[in-house]
Amino acid sequence: MKCLGLMSGTSMDGVDCAVIDVTPGRSTLRITLLAHRTYPYPPAIREQLLSLVRTGTVETVCRLHAAVGEVFARVAGRTIRQAKLSATDVAVIGSHGQTVWHAPKRVPVPGIGSIRSSLQIGDPSVIAERTGIMTVADFRARDLAAGGEGAPLTPYVHYHVFRSRNTSRLIVNLGGIANVTWLPKNGGLRDVVAFDVGPCNLLLDGLMRQATRGQQSIDRNGALAVRGCPQDVLVTELLRHPFFARRPPKSTGREEFGEGYIRHVRRVAARHGLSLDDTLASSCVAIARTIRQSGSWAVDEVIVGGGGVRNRGLLRAVKREFEPGHVTSMERAGVKSQALEAMAFAVLAHETIRGVPANLPWVTGAASPVVLGTVIPGRKPVVFTK
């Protein structure tokens, strides 16, 4: 079955799209990547998304829900053509959408009790209407309704892609948020351990954006972090955040580690006279240390992916925390790193239409396994001309 996945992460920098072929096996899925593209958001859309958490209104959320859906639909159409397929070849689209608020900690609501919530925008009805393809979206909601945190969901796919009979593996995603998945050798789904570790590119990009007043949004290739000198005083301060001591299940996002947190980091750095280079280098060390200290598992191999692998300072810090010879890239493990999360939501959509539960309750904290997502039927496909 050919499936398409759409994903935009915490960094809100663009949309990843992957077309895959999925074949169910006896105990795992065989997943083949057919095409992958990353498209940046139109600048005006990205700026609205970034400001939404700070100053958003209901009207803005409503409009962006439709606008992001249009962006996702166009990305899907272009990637299908790149794969030399037609819309009729694709059975289902899985769209994660764009997370604009993730509140996994229970809060009391008068008359209701305590609830958890998470909101992803990017109207799946728009995607289904424009492409003509059945679309599955809103994956987190069912797990939340079952008492879970709605995240992380990709460990289900990590298991099918990276499991090994002879090697214990730690899968590390260096995205906007860093998260880990431990796959013990010859283990089953029930043996998977996974959770969010803390901020990663969200912190590094935020430091650049605030320090340059929006003129630069990333430390390209980690050039400044490599040039800087890590300072223990800042590393220690970063590690004091209570999230790092919280026991799994746990997930987090921009709500906890957004602009306010980044301003705090910059104030601490300024108090100790640290340059931007030293602040970035210290942050890379702190990120790597939170990953290493997040668990005490037996690990034969650390497989690293996500946008952070392009940051030389961050990758160097990760290698220093682990045995350097044990750290490898997803590419060397046979998986295209930038495509993996989009592939994951294609796989999750595949499982949804098969009626297979794809949350891992021992990872998310849900009371039981559940079939994820909301299904929007397709229609006659539209051909995109641009």
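Structure's up top.
So, here is what we can say about the structure in this document. (Residues numbered from 1 in each chain as written. Predicted model: local features only at pLDDT ≥ 70, side-chain atom pairs only at ≥ 80, totals over all residues. Heavy atoms only, no water.)

Here the focus is helix H2 (residues 58–82). Across its 25 residues, H2 extends 36 Å between first and last C-alpha, which sits within 8% of the 36 Å expected from 1.5 Å per residue. One or two positions beyond H2, positive phi appears at Lys84, with a value near 60 degrees. (Helix = DSSP H or I, 4+ residues; strand = E, 2+ residues; numbered from the N terminus. Expected span 1.5 Å × (residues − 1).)

The next subject is a nonpolar patch on the surface. Side chains of Val107, Ile112 and Ile115 sit close together on the surface and give an oily, nonpolar patch of about 260 Å² of accessible area. What makes Ile112 exposed here is its relative accessible area of 64%. (Patch = residues over 30% accessible without salt bridge, like charges linked within 9 Å, V, L, I, M, F, W, Y side chains within 5 Å. Areas by Shrake-Rupley, 256 points an atom, 1.4 Å probe, with all protein chains shown as cover. Salt bridge = Lys/Arg side-chain N within 4 Å of Asp/Glu carboxyl O. Buried < 20%, exposed > 50% of the residue type's maximum accessible area, 1.4 Å probe, protein only.)

Moving on: the nonpolar core. Among the nonpolar cores identified, the biggest contains 42 residues, and Val172, Leu203, Ile291 and Leu314 are the most heavily contacted of them. Top contributing element to this core by residue count: helix H11 (residues 276–292), with seven residues. With near-sequence residues (within four places) excluded, Leu314 lies in contact with Leu174, Cys200, Asn201, Leu204, Cys284, Ile287 and Gly308. Residues Phe162, Leu183, Ala346 and Leu360 belong to the second largest nonpolar core, which totals 39 residues. (Core = buried A, V, L, I, M, F, W, Y, C linked by side-chain atoms within 4.5 Å. Contact = heavy atoms within 4.5 Å.)

Turning to the side chain of Thr131, a few remarks are in order. Tracing the sequence through the fold places Thr131 in helix H3 (residues 124–131). A relative accessible area of 4% means that Thr131 is categorised as buried. In terms of polar contacts, Thr131 uses its side chain to reach the backbone carbonyl oxygen of Ile127, at 2.7 Å. Here the side chain of Thr131 touches Ile133 through a polar contact of 3.1 Å, landing on its backbone nitrogen. (Polar contact = N/O pair within 3.5 Å; in protein donor to acceptor, adjacent residues only side chain to side chain.)

Here we take up the sheet that holds strand S9 (residues 193–199). What the five strands build is an open sheet, ordered S9-S8-S7-S10-S11; its pairing is mixed. Two strands bound the open sheet, and with one partner strand each, they are S9 and strand S11 (327–329). Taken pair by pair, the neighbouring strands of this sheet meet at an average axis angle of 25 degrees, ignoring direction. (Pairing = 2+ DSSP bridges. Axes fitted to C-alpha atoms, helices over the stretch in contact; angles between N-to-C directions.)

Should the charged atoms of two oppositely charged side chains come close, the side chains can pair. One pass over the structure, following the stated rule, counts 13 salt bridges. For Arg74, the salt bridge is made with Glu70, and the minimal N-O distance between the two is 3.0 Å. Here the residue Arg74 and the residue Glu70 both occupy positions in helix H2, the gap between them amounting to four residues, near one helical turn. On the accessibility criterion, Arg74 (36% relative accessible area) is partly exposed. Residue classification places Glu70 among the partly exposed positions, given a relative accessible area of 22%. What emerges from the salt-bridge pattern is a single network uniting Glu70, Arg74 and Arg130.

A separate point is the pairing of strand S5 (residues 113–121). The pairing of strand S4 (residues 92–109) with S5 spans eight bridges and is antiparallel. Note on S5: the bridge partner recorded for Val107 is Ile115. Adjacent in sequence and paired antiparallel, S4 and S5 are bridged by three residues, among which Gly111 carries a positive phi angle near 85 degrees.

For the structure on display, the rule yields seven aromatic pairs. Their ring planes at 50 degrees and their centres at 6.1 Å tell us that Phe195 and Trp297 sit as a pair that is tilted. With Phe195 in strand S9 and Trp297 in the loop between H11 and strand S10 (301–305), this pair connects stretches of sequence that are 102 residues apart. Under the relative-accessibility criterion, Trp297 is labelled partly exposed at 22%. An angle of 85 degrees between the planes, with centres 5.8 Å apart, marks the rings of Phe243 and Phe257 as edge-to-face. In this pair, Phe243 is assigned in the loop between helix H8 (232–238) and helix H9 (254–257) and Phe257 in helix H9, connecting sequence segments 14 residues apart. When its relative accessible area of 0% is taken as the criterion, Phe257 is described as buried. (Phe/Tyr/Trp six-rings, centres within 6.5 Å; stacked < 30°, edge-to-face > 60°.)

Time to look at the state of the cysteines. Under the counting rule described, the total for this entry stands at zero disulfides. Left unpaired, Cys200 is separated from the closest cysteine sulfur, that of Cys284, by 7.9 Å. In this structure Cys229 is not part of a disulfide, and its nearest cysteine sulfur, from Cys284, lies 13 Å away. What makes Cys229 partly exposed here is its relative accessible area of 43%. (Disulfide = S-S within 2.5 Å.)

Before going further, it helps to examine helix H6 (residues 201–211). Of all 11 residues making up H6, 10 are buried, and the element is well covered by its neighbours. Taken as a whole, H6 has its buried residues at Asn201, Leu202, Leu203, Leu204, Asp205, Gly206, Leu207, Met208, Arg209 and Gln210. Backbone geometry just after H6 places Arg213 at a positive phi near 55 degrees.

In contact at an axis separation of 9 Å, helix H5 (residues 155–162) and helix H13 (residues 340–354) are set at 100 degrees when each is read in the N-to-C sense. One finds that H5 runs roughly perpendicular with respect to H13. Contact residues: Tyr156, Val157, His158 and Phe162 in H5; Leu340, Ala344, Val347, Leu348 and Glu351 in H13. Within the contact of H5 with H13, the residues separate by chemical class into seven nonpolar, one polar and one charged. (Parallel < 35°, antiparallel > 145°, perpendicular 65-115°, else oblique. Nonpolar A, V, L, I, M, F, W, Y, C, P; charged D, E, K, R; others polar.)

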